[in-house]
Amino acid sequence: MKSSVITFPGSNCDRDMDVALKKFGFKNKMVWHNDAELPKSDLIVLPGGFSYGDYLRCGSMASKSKIMKSVINFANSGGMVMGICNGFQILVETGLVPGVLLRNKYLEFICKNVFVKINNKTNRYFNNIKNNVLEFHIAHNEGNYFCTQDQLKEIEDNDQVAINYCDENGKVEEHYNPNGSIKNIAGIFNKEKNVLGMMPHPERMIDNCLSGEDGSIFFNNLINNLK
Amino acid sequence: MKISVVITLKKDVLDPQGKVIHQTLDGMGFNDVNEVRQGKYFEIDTKEDDPKKAKDKVEEMCKQLLANLVIENYKIIDLK
């Protein structure tokens, strides 16, 4: 399976993602944002970081970069595109997934482990995964997912919520919402479920020395689903 | 031609920074403030001399990049 990770100026989780993808069997290539063409890939990843210094709105500049035209075409033709953290912010700015990510409700940068409940397994990201709850890491300042009431209805009608913040048993309550996201939303799909944007970083949970291995479950499952 | 644009958050969007500014003003003794909403201001100097064309172009810039219309409104406040 071939993957590509896009590096924008200011990306800082691109190499972590490269390590994670390779560990679970992907042949990964790093792609510079100013390239026009994508290498042949089964999965494109937009990594976390602070692309363009978070100027204007997080992800807004990166969403207009040269490579993104190819990424949008790839996504629109059914290709798998996953945006993590700043990558999620870039995805919402392209319009590939609905909504926006606002400043965290309590204006704090949050860096901690959280539990997320998998809301939808009828897609190539979470299909066949045994767990209902995964422990991932979050590190963000703008992860407060927001959308209009009309968009929320459409998202729910189409079952586009991927993961919600919850407790270790999968209970989704406001108390376990770290950033003020509508309905505890931590990740969301496009309508066709080939594009996934999520705030948590599975690539930070691929080794016991990195505080957990639930990311390993995610990546192992992902590569098997793509085979 | 110089065009000034103001971008503000839509009414139903939470503005935690505006709230904190409000609280701080309150603590400083400015007790008659009802609400503070924080926004963005842009000055765009363009080669276009025709006011209508310049305005249209800046509107496109707002729609495509400067504002995110899910949460923000834009307003051209000055053309000269």
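Our subject is the structure that appears above.
In what follows, the accompanying structure is described. Keep in mind the model is a prediction, meaning the values are calculated, not measured.

Conventions we followed
- Residues numbered from 1 in each chain as written.
- Chains lettered and ligands numbered in written order.
- Predicted model: local features only at pLDDT ≥ 70, side-chain atom pairs only at ≥ 80, totals over all residues.
- Heavy atoms only, no water.
- Phe/Tyr/Trp six-rings, centres within 6.5 Å; stacked < 30°, edge-to-face > 60°.
- 1 Å grid on protein atoms, 1.4 Å probe; cavity = no way out; pocket = protein on both sides within 12 Å on 5 of 7 lines; lining within 4 Å.
- Points joined across faces, edges and corners; volume = space filled by probe spheres on them.
- Helix = DSSP H or I, 4+ residues; strand = E, 2+ residues; numbered from the N terminus.
- Nonpolar A, V, L, I, M, F, W, Y, C, P; charged D, E, K, R; others polar.

### Here we look at the packing of aromatic side chains
Here's step 1: Summed over all chains, the structure comprises 7 aromatic pairs over all chains.
Here's step 2: Counting every residue linked through ring pairs, the aromatic cluster contains A:F24, A:Y125, A:F126, A:F136, A:F189, A:F218 and A:F219.

### Describing the layout of surface pockets
Here's step 1: There is about 590 Å³ of room inside the largest pocket.
Here's step 2: Forming the boundary of the largest pocket are 29 residues, of which A:R57, A:R103, B:Q17, B:K40 and B:E72 lie nearest the centre.
Here's step 3: The set of elements that each furnish at least two residues to the lining of the largest pocket consists of α3 (86–94) and β5 (100–102) of chain A together with β1 (2–9), α1 (16–27) and β2 (39–45) of chain B.
Here's step 4: When grouped by side-chain class, the residues that make up the lining of the largest pocket number 14 nonpolar, 7 polar and 8 charged.
Here's step 5: A volume near 270 Å³ is recorded for the second largest pocket.
Here's step 6: Contributing to the lining of the second largest pocket are 20 residues, with A:G95, A:L96, A:V97, A:P98 and A:N190 lying nearest its centre.
Here's step 7: Element by element, the count of residues in the lining of the second largest pocket is highest for helix α4 (residues 149–157) of chain A, at 3 residues.
Here's step 8: When its residues are assigned to classes, the lining of the second largest pocket shows 8 nonpolar, 9 polar and 3 charged.

That is the geometry; function is a separate question.
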